[in-house]
Amino acid sequence: MQRLNFQQNPYIAIWETTRACDLACLHCRAEAIQWRHPLELTTRESFQLIDQISQCGNPLFVLTGGDPMKRTDLFELIPYAVQKGLRVAMTPSGTPLMTRPVVTHLKQAGLSRLAVSLDGATAEIHDRFRQVSGSYSWTMNCIDYAHEVNLPVQINTTVSRHNLGDLQAIADLLITKTITLWSVFFLVPTGRGRAEDEVSADDYEHVFQFLVDLYLKAPFDIKTTAAPHYRRVLLQRLKEMPAHLRPQKLLQAGPIGRAAGINEGRGFLFVSHTGDIYPSGFLPISAGNVRKDSLIDIYRDSPLFQDLRDTSKLKGKCGDCEFKEICSGSRARAYAMTGDYLAEEPLCGYIPRKTQIRAAGPAAGHS
């Protein structure tokens, strides 16, 4: 499959519409609070941002937060973006703001997908994670409301020590729902996310194998966020199979097909609530601000974004890795845990062949 060229245009552009939110999630990278920031992009500036995004090669445009529902101009912004030819998705919080009429209005406004967070198969686990009682119930209602108006639903789940043992139960629950995608996030210790809530590199590998097994039989797609090494496992599993037995679904997997290689600053950009331009919401190094800079120029030409797209600059075993063109490790996690966004992925258990040969010494290289 011909891969997309991420040097010129992003595949996905995410806008943090606000940091206001009525939840207090344990992992929140935005450290969201209840009130809107006085320096948020205004409605006029938001229209201008949408104009810029529409000139970035028609990326998927995702409204996130905080909680986008805390913006009073949301139902002006979505139709405007749709008019500009953008596919618009939104990640609201599981709160009472997501009523049946609101979901219907979102569908009518042109929203193409609703991405809802679910971090436990039970109210006890999910609500503890979100730190607000009732969030699980509001989330399940939101999913049902979306089904009623045929609005496609994506489920986002963040893997941490709080729900590692609950992933099978979450998967079983999702199979009973009509969803298009399970986006499995892996914790990055930034914002309210804590390093002690991370799972181990071995846990990552076990979850990846679980996700591949599920992907082959589930009625929905699966992708990971902040864990690009899942693509390596997908490709390894594919190569292990005789050619005539390779499932078509695996051959068409976006993570190892056209969308392979998406990572912070590589097919991906993030604009904060105050207009700062980042490679990712999990990698808090700003390359500019949309109030004064061209979004597409920052994406194409800023040293930060160019560094992140240059796999020859990767350090440690990520630099050695034969899978680096489709993976390259989480640059956000490398930065959060080492202070260097080009350092090797801290939670990858795979040892590249070059690294093994180097560790074995000169004699092994001649054997």
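Structure's up top.
What counts, and at which threshold
- Residues numbered from 1 in each chain as written.
- Predicted model: local features only at pLDDT ≥ 70, side-chain atom pairs only at ≥ 80, totals over all residues.
- Heavy atoms only, no water.
- Helix = DSSP H or I, 4+ residues; strand = E, 2+ residues; numbered from the N terminus.
- Buried < 20%, exposed > 50% of the residue type's maximum accessible area, 1.4 Å probe, protein only.
- Pairing = 2+ DSSP bridges.
- Contact = heavy atoms within 4.5 Å.
- Axes fitted to C-alpha atoms, helices over the stretch in contact; angles between N-to-C directions.
- Polar contact = N/O pair within 3.5 Å; in protein donor to acceptor, adjacent residues only side chain to side chain.
- Expected span 1.5 Å × (residues − 1).

Engineer: Can you break down unusual backbone geometry residue by residue, with the values?
Structural biologist: The omega torsion across glycine 65 and glycine 66 is 20°, close enough to zero to call that bond cis. Structurally, the position occupied by glycine 66 is in the loop between β2 (60-64) and α2 (74-83). Even without being a glycine, serine 328 presents a positive backbone phi close to 70°. Topologically, serine 328 is positioned in the loop between α12 (316-320) and α13 (331-338). Classification of serine 328 as buried rests on a relative accessible area of 5%.

Engineer: Explain the sheet that holds strand β8 (residues 268-271) to me, and be specific about the residues and the numbers.
Structural biologist: Read across the sheet, ten strands follow the order β7-β6-β5-β4-β3-β2-β1-β8-β9-β10 without closing on themselves; strand pairing throughout is mixed. Two strands lie at the open edges of the sheet, namely β7 (221-225) and β10 (288-289), each paired on one side alone. Looking at chain direction, strand β1 (residues 12-16) and β2 are connected through five bridges and run parallel. Residue pairing across strands places alanine 13 opposite phenylalanine 61, the latter belonging to β2. Here helix α1 (residues 43-54) sits on the sheet in contact with β1, β2 and β8, set at roughly 170° to β1.

Engineer: Mind laying out the side chain of threonine 91, listing which residues take part and the relevant values?
Structural biologist: Structurally, the position occupied by threonine 91 is in the loop between β3 (87-90) and α3 (100-109). Reaching out from threonine 91, the side chain makes a polar contact with the side chain of threonine 64 at a distance of 2.8 Å.

Engineer: Tell me what's going on with helix α7 (residues 201-217), and back it up with residues and numbers.
Structural biologist: The first and last C-alpha atoms of α7 sit 25 Å apart over 17 residues, in line with the 24 Å expected at 1.5 Å per residue. Of the positions making up α7, those classed as buried are Ala201, Tyr204, Glu205, Val207, Phe208, Phe210, Leu211, Val212, Leu214 and Tyr215.

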